[in-house]
Amino acid sequence: HSKSASARRAARRAIVHVDLDCFYAQVEMIRHPELRDKPLGVQQKYIVVTCNYEARKRGVKKMMSVKDAKEKCPQLILVNGEDLTPYREMSYKVTELLGEFCPLVERLGFDENFVDITEIVEKRLNQLQQSGCSRVCVSGHVYNNQAINLHDTTHVRLVVGSRIAEEFREAIHARLGLTGCAGVASNKLLSKLVSGTFKPNQQTVLLPESSQDLIRSLEHIQKVPGIGYKTAKRLETLGVRNVCDLQAFPSAVLEKELGVSVAQRVQKLSYGEDDSPVMPSGPPQSFSDEDSFKKCSSEVEVKEKIEELLPNLLDRVYKDGRQPHTVRLTIRRFSSTNKWFNRESRQCPIPPHLIQKFGKESSNVISPLVDILIKLFRKMIDVDLPFHLTLLGVCFSNLKDLPSSTKGSIGFYLKQMPPPSGSGKRVREVEDVSQGEGSASRNQNCNRTGTTKTRKLSEEKKSNVKKAGVPDFPFHLSPGDIDQEVFRELPEDIQKEIISEKT
């Protein structure tokens, strides 16, 4: 019964995936119209992270090294894309515009959005019936050139969905000057897969009878959105390399190897089944920035790179208006075998006296924030031994609206703060896929599903060494609130203030 009910829901759903064409390059062409008809690449570090179609005609590809791109196309004009501000701002304009049509809009990176248009389609169908109109025409392509059956209500819903998707694309072009592709299907997975069938500036609708052809056309299991790098590698060790292998693999063996929930999820994905809802994104849950490089091997360099990242981040936090309560440092060590995916992170709460300075005295918080981040860094790296990093990232999270009457109370912040996940623990972040057309460091893996899996692999035991004159923090009162080691590094007056508030 539940299966048939979910099948009925799936048949009724209509999801649009909107994917903007060469997004960073388009933003640059809007900012610099004189570049519109010239081969243009957007450069981050030594990588061309994206390029316009004029450049692609001449052999330049996304994620190509600047050296190779220049050899392919000596006329290539490169624009520095390391400041993501203009792309971020345009990205939010697109999401806001789509939100005018429908409240169910979910961002995926900077250049992609899912829109659940099920209810809009329902209203359009009612209007068609009331007007006595029985003829509907599809907008754009139909995957596999499949014939449309107007007696099949699922087909009709998706055809009406294609008209709505075209309206989205026309509005984005008319109001923001951007072109993009769209996919229309009965779920998020299939709409994302089908949206790139015809590029650029085109759209495709997928009818249910063709979904297996689409999903089986993927040459590798990692091309399935939702199956990331690590899961794909584990599946490969089981002899599973493509969708057909995964569909045919015994469920019991898969559940034993991957765990029941993961096994069932990936096997459903292999059949094109995805009942995940479109989750309205709302304001960002965190603010982060990162820098990738060939080598960073001294604490002085680490400090310099953190100092470079903070001003822009603090400016974004200030414009947002909320206060972050947690700060996280992410590093990536050099590895010749696993170049892009292994990250380690440590986080801790931001001391309350610093939280109050965010937005008002941003220049005054940089130095103490650097000190906190260096302490987190030392928990991951033994600075007395040689090290080789290729990435550093800083993230502010646990964002809260400004308090009103109790703004000055340290107790307010500590009582309101939920235990940050992984606080005081080593977290290895495995970035399965990149987010939109993100930074060069995130885009070496071309399978963009916009998800990041975080696994806690190990937990360090805390030492309980007392500081002279400062009592132990009563951690039993609120064990998740603060990283004990970081607490011990705070000035004594702040420690005492926190303890007095907590007790």
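As the structure is a computational prediction, the values presented were derived from the model and not from experiment.

A. Fine view of the overall build of the protein chain. A tally of regular secondary structure across the protein chain gives 19 helices and 16 strands. Long-range pairs, those at least 24 residues apart, make up 67% of the contacts in the protein chain between residues at least 6 apart in sequence. For the protein chain, the accessible area works out to roughly 23500 Å², and carbon and sulfur atoms hold 50% of it.

B. Representation of the sheet that holds strand E3 (residues 47–51) within the structure. Across the sheet, which stays open at both edges, the four strands sit in the order E4-E3-E2-E5 with mixed pairing between neighbours. Strands with a single pairing partner mark the edges of an open sheet, and in this sheet they are strand E4 (64–65) and strand E5 (77–80). Each of strand E2 (40–44), E3 and E5 is contacted by helix H2 (residues 23–31), which is oriented at about 115° to E2, the strand it contacts most.

C. Looking closely at the nonpolar core. With 48 residues, the main nonpolar core has Phe23 and Ile117 as its most contacted residues. Every element with two or more residues in this core is listed here: strand E1 (15–20), H2, E2, E3, helix H5 (85–101), helix H6 (118–131), helix H7 (153–176) and strand E9 (180–185). Ranked by residues supplied to this core, first place goes to H7 with 10 residues. Of all hydrophobic cores here, the second largest spans 34 residues; its members include Ile331, Val365, Phe396 and Leu399.

D. Inspection of the side chain of Thr118 at higher detail. By the secondary structure assignment, Thr118 is in helix H6. A distance of 3.1 Å separates the side chain of Thr118 from the backbone nitrogen of Ala14, its partner in a polar contact. Setting aside anything within four residues of it in sequence, one finds Thr118 in contact with Arg12, Arg13 and Ala14.

E. How the structure looks around the pattern of salt bridges. On inspection of all chains with the given rule, the structure shows 20 salt bridges. Lys233 is the salt-bridge partner of Glu236, the closest N and O atoms lying 3.9 Å from each other. Of this pair, Glu236 and Lys233 both sit in helix H10 (residues 229–237), separated by three residues, roughly a single helical turn. When salt bridges with common partners are traced through the structure, they connect Arg12, Glu119, Glu122 and Arg157 into a single cluster.

F. Broad picture of the sheet that holds strand E8 (residues 141–142). Within the open sheet, the six strands sit side by side as E6-E7-E1-E9-E10-E8. Their pairing is mixed. Each edge of the open sheet is held by one strand with a lone partner, namely strand E6 (105–108) and E8. Bridge count between E6 and strand E7 (residues 112–116): four bridges; the pairing is antiparallel. Bridge pairing in E7 links Val105 to Val115. Against the sheet, H7 touches E1, E7, E9 and strand E10 (203–205), its axis set at about 160° to E9.

G. Layout of the pairing of E9. Across the six residues that make up E9, a large majority, six, are buried. As paired strands, E1 and E9 are joined by six bridges and run antiparallel to one another. Within E9, the position partnered with Val16 by the bridge is Val184. Alignment of E9 against E10, held across three bridges, turns out to be parallel. Along E10, the bridge assignment pairs Gly183 with Thr204.

H. Representation of the packing of helix H12 (residues 251–258) against helix H13 (residues 260–270) within the structure. At their nearest, the axes of H12 and H13 sit 7 Å apart, and the two run at 130° to each other. In terms of orientation, H12 lies oblique with respect to H13. The hand of the H12/H13 crossing is right-handed. Facing H12, whose interface residues are Ser251, Leu254, Glu255 and Leu258, H13 presents Val260, Val262, Ala263, Gln264, Val266 and Gln267. The residue inventory of the contact of H12 with H13, partitioned by class, reads six nonpolar, three polar and one charged.

I. Representation of the packing of aromatic side chains. For the coordinates displayed, the defined rule picks out six aromatic pairs. Relative to Tyr24, the ring of Phe23 has its centre 6.2 Å away and its plane inclined at 55°; by these criteria the two rings are tilted. Each of the two residues, Phe23 as well as Tyr24, counts as buried. Judged by centre distance (4.0 Å) and plane angle (10°), the rings of Tyr24 and Tyr87 are stacked. With a gap of 63 residues between them, Tyr24 in helix H2 and Tyr87 in helix H5 connect regions that are remote in the sequence. Residue Tyr24 shares its accessibility class with Tyr87, and that shared class is buried. Here the aromatic residues Phe23, Tyr24, Tyr87 and Phe110 are joined through ring pairs into a cluster of three or more. The aromatic ring of Tyr46 is capped on one face by Lys294, whose charged end is 4.9 Å from the ring centroid. For the cation-ring pair, Lys305 lies above Phe293, with the distance from its terminal atom to the ring centre recorded as 4.5 Å.

What counts as what
- Residues numbered from 1 in each chain as written.
- Predicted model: local features only at pLDDT ≥ 70, side-chain atom pairs only at ≥ 80, totals over all residues.
- Heavy atoms only, no water.
- Helix = DSSP H or I, 4+ residues; strand = E, 2+ residues; numbered from the N terminus.
- Contact = heavy atoms within 4.5 Å.
- Areas by Shrake-Rupley, 256 points an atom, 1.4 Å probe, with all protein chains shown as cover.
- Pairing = 2+ DSSP bridges.
- Axes fitted to C-alpha atoms, helices over the stretch in contact; angles between N-to-C directions.
- Core = buried A, V, L, I, M, F, W, Y, C linked by side-chain atoms within 4.5 Å.
- Buried < 20%, exposed > 50% of the residue type's maximum accessible area, 1.4 Å probe, protein only.
- Polar contact = N/O pair within 3.5 Å; in protein donor to acceptor, adjacent residues only side chain to side chain.
- Salt bridge = Lys/Arg side-chain N within 4 Å of Asp/Glu carboxyl O.
- Parallel < 35°, antiparallel > 145°, perpendicular 65-115°, else oblique.
- Left-handed = near helix turned anticlockwise from the far one by under 90°.
- Nonpolar A, V, L, I, M, F, W, Y, C, P; charged D, E, K, R; others polar.
- Phe/Tyr/Trp six-rings, centres within 6.5 Å; stacked < 30°, edge-to-face > 60°.
- Lys NZ or Arg CZ within 6 Å of the ring centre and 35° of its normal.

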